[in-house]
Amino acid sequence: MSDQELTILTLNCWGLKFVSKNRRERVVAIADELSHTEEYDIITLQELWVYTDFEYVRESVAKYLPYAKFFYSGALGAGLAIFSRFPIVATEIQPYSLNGAPIDVAGGDWFVGKAAASVIIVHPILKEVQVFNTHLYAKGGEDGPEHNRAHRLVNAWEFAKLARRAAELGRYVIAAGDFNSIPTTLPMTVIREHADLKDSWLVTHPFSNTPSDVTPSPQEAIDDFGVTADSPINSYSAGKGLDATARRFCGKRLDYIFYRQPHSYNPAELPVLHCKESRVMFTHEVPGTPFSYSDHFGLKSVLQIQTPGALPSSSDAVFPSESQTAAWSTQSSEPSEISQACITKMTQALSSCYRFSKSRAQKELALFVLCLMLLITIAVASTWFPYPWLNPIFIVFAVFLTWLGTTMLYEGYVYGQWECNALMNVVEELEVYAQGLELQSSRYQ
């Protein structure tokens, strides 16, 4: 392994205890595969919720990745872990303000407290590098009402702010994880534009976002378009009910590795990161079994470090022309900003979710009042009812109404206010941000 390159792997392990199929066998297989490779400088894993699984992976890769961090968040943990060849000098986790509803037990996002986790590593050439690992809100898809994707949009905005702030503090940024969004969606646009992050897959496969009327083969979807989830080749996706996007493109690209330069007034003096290779990993089945390593494939990217004054060889097909190379050295001199059209779409989506949340909370509070009235009716009527053998039925019914009423009170008032306040915060942030952009624009005219 050379200090002139950074090799990064990200993988969603699908490791929820008692729920994920073949969890222990797959985690052991993942750890075994990583222990024999020894090619990675940084590994980010998602859905590694069981701490003993983390310990097993950490021990397996400790000989070449001696530094590791397991992150805690929510009631069940964030499921995020980072392994590094370079010393970790600081860690942080920032839970997202919206992660679904507590009543959505099956989805579980609220209970795990999805978050943006990060470590700061010290690299011999780049110095401080902030490595992010995240897993965005799952539900919403690419179709349907805008409020379905509002929570993920809030996640994306909060993540983009963190990555941008890290660069403004003078650090290189590497951001990886399961973003639960295909490249053309609004959350990914927000992340790329506001944080000025470069998508490693698009750097090495610049035409993979080009619309095509031809449905690729499953292997072409992986090799050419970077599909990491819902692939027919994956044993856990084969035969599963998939949405129209996944069926059309033989899967989805949901896992990413991003990178960017630090903000600097003298960018030409800084080493430049450039992705020279990106490919999908863990596409084969676990040896000796009929199942895949996870319900996602992994993603590997190799970032080359271009030191100041050194020009790439003209024979190296990975690098662009000299004029493009010169553009790299100035990429951090001007901050990237979200377009007005993007801000408008975000505001509309969040406002739609705000109205939907208000309406839902009112219905839940109405159901709470109904439960309360029924409980009072049962309490009064039970003293006059002439058939004592019905009392156990009334008790069971009263317990059910108590549970339902309490749940609706929490969901409608506590969580309802929580969600509306979080949405309003982001809407107002966007309004102030848009006003700031207009002010800057008028100043330079």
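The coordinates are above.
In short, a report on the structure. As the structure is a prediction and not an experimental result, all values here were calculated from the model.

This brings us to the pattern of salt bridges. Between side chains of opposite charge, a pair can form as their charged atoms come close. Summed over all chains, the structure comprises 20 salt bridges. Here Lys-300 and Glu-39 are joined by a salt bridge, their closest N and O atoms 2.7 Å apart. With Lys-300 in strand S12 (residues 298–306) and Glu-39 in the loop between helix H1 (23–37) and strand S2 (42–46), this pair connects stretches of sequence that are 261 residues apart. Judged by relative accessible area, Lys-300 falls into the buried class, the value being 5%. One salt bridge connects Arg-360 with Glu-419, and the closest N-O pair in it is separated by 2.5 Å. Pair noted here: Arg-360 is in helix H10 (residues 340–382) and Glu-419 is in helix H11 (residues 391–443), with a separation of 59 residues, a long-range link. With respect to class, Arg-360 is no different from Glu-419; both count as buried. Through salt bridges with shared partners, one network takes in Glu-39, Glu-277, Arg-279 and Lys-300.

Strand order in the open sheet formed by 6 strands is S5-S6-S7-S8-S10-S9, with mixed pairing between adjacent strands. Each edge of the sheet is formed by a strand with only one pairing partner; in this case those strands are strand S5 (88–95) and strand S9 (198–199). Contacts from helix H4 (residues 150–168) reach S5, strand S6 (115–123), strand S7 (127–135), strand S8 (172–178) and strand S10 (255–260), with the element oriented near 175 degrees to S7.

Our focus in this paragraph is the nonpolar core. If you look at the biggest cluster of nonpolar residues, it comprises 42 residues, and the most contacted ones within it are Phe-159, Val-190, Ile-191, Leu-197, Met-346 and Leu-350. The element best represented in this core is H4, accounting for 11 residues. Discounting residues that sit within four places of it in the chain, Met-346 has contacts with Leu-153, Trp-157, Leu-186, Val-190, Ile-338 and Leu-430.

Taken together, Leu-367, Leu-370, Leu-374, Phe-397, Phe-400 and Trp-403 make up a surface patch of nonpolar side chains, about 550 Å² in accessible area. Those elements that provide at least two residues to the nonpolar patch are H10 and H11. Inspection of the secondary structure puts Leu-374 in helix H10. Of the residues examined, Leu-374 reaches a relative accessible area of 34% and is grouped as partly exposed.

Take the packing of H1 against helix H2 (residues 51–61) next. Put simply, H1 and H2 touch, their axes get as near as 8 Å, and they point 20 degrees apart. Here H2 runs roughly parallel to H1, going by the angle between their axes. Seen from above, H1 lies across H2 with right-handed handedness. For the pair formed by H1 and H2, the contact residues are Arg-23, Arg-24, Val-27, Val-28, Ala-31, Leu-34 and Ser-35 on the first element and Thr-52, Asp-53, Tyr-56, Val-57, Ser-60 and Val-61 on the second.

Within the element layout of this structure, Ser-351 appears in helix H10. What makes Ser-351 partly exposed here is its relative accessible area of 22%. As a C-alpha pair, Ser-351 and Ile-42 span 309 residues in sequence and 39 Å in three-dimensional space.

This part is about the side chain of Ser-60. Tracing the backbone through its elements, the reader meets Ser-60 in helix H2. Not counting chain neighbours up to four residues away, the residues in contact with Ser-60 comprise Ala-31 and Ser-35.

We now examine the packing of aromatic side chains. Taken as a whole, this structure holds 15 aromatic pairs when the rule is applied. Centre to centre, the rings of Phe-54 and Phe-70 are 5.1 Å apart; their planes meet at 45 degrees, and the pair counts as tilted. Of this pair, Phe-54 sits in helix H2 while Phe-70 sits in strand S3 (residues 67–70), placing them 16 residues apart in sequence. Its relative accessible area of 2% is what places Phe-54 among the buried residues. In this structure Phe-70 comes out as buried when scored by relative accessible area, which is 6%. Ring geometry for Phe-132 versus Phe-159: centroids 5.7 Å apart, planes at 75 degrees, classification edge-to-face. Here the residue Phe-132 occupies a position in strand S7, and Phe-159 occupies one in helix H4, the gap between them amounting to 27 residues. We note that Phe-132, like Phe-159, is buried. Grouping aromatic residues by their ring pairs yields a cluster made of Tyr-51, Phe-54, Phe-70, Tyr-72 and Phe-83.

Turning our attention to the sheet that holds strand S4 (residues 81–84). Reading across from one edge, S3-S4-S2-S1-S12-S11 is the order of the 6 strands in this open sheet, with mixed pairing throughout. Looking along the sheet, the strands with just one partner apiece sit at the ends: S3 and strand S11 (272–281). Geometrically, the sheet is characterised by an average inter-axis angle of 15 degrees between neighbouring strands, direction not taken into account.

Calculation criteria
- Residues numbered from 1 in each chain as written.
- Predicted model: local features only at pLDDT ≥ 70, side-chain atom pairs only at ≥ 80, totals over all residues.
- Heavy atoms only, no water.
- Salt bridge = Lys/Arg side-chain N within 4 Å of Asp/Glu carboxyl O.
- Helix = DSSP H or I, 4+ residues; strand = E, 2+ residues; numbered from the N terminus.
- Buried < 20%, exposed > 50% of the residue type's maximum accessible area, 1.4 Å probe, protein only.
- Pairing = 2+ DSSP bridges.
- Contact = heavy atoms within 4.5 Å.
- Axes fitted to C-alpha atoms, helices over the stretch in contact; angles between N-to-C directions.
- Core = buried A, V, L, I, M, F, W, Y, C linked by side-chain atoms within 4.5 Å.
- Patch = residues over 30% accessible without salt bridge, like charges linked within 9 Å, V, L, I, M, F, W, Y side chains within 5 Å.
- Areas by Shrake-Rupley, 256 points an atom, 1.4 Å probe, with all protein chains shown as cover.
- Parallel < 35°, antiparallel > 145°, perpendicular 65-115°, else oblique.
- Left-handed = near helix turned anticlockwise from the far one by under 90°.
- Phe/Tyr/Trp six-rings, centres within 6.5 Å; stacked < 30°, edge-to-face > 60°.

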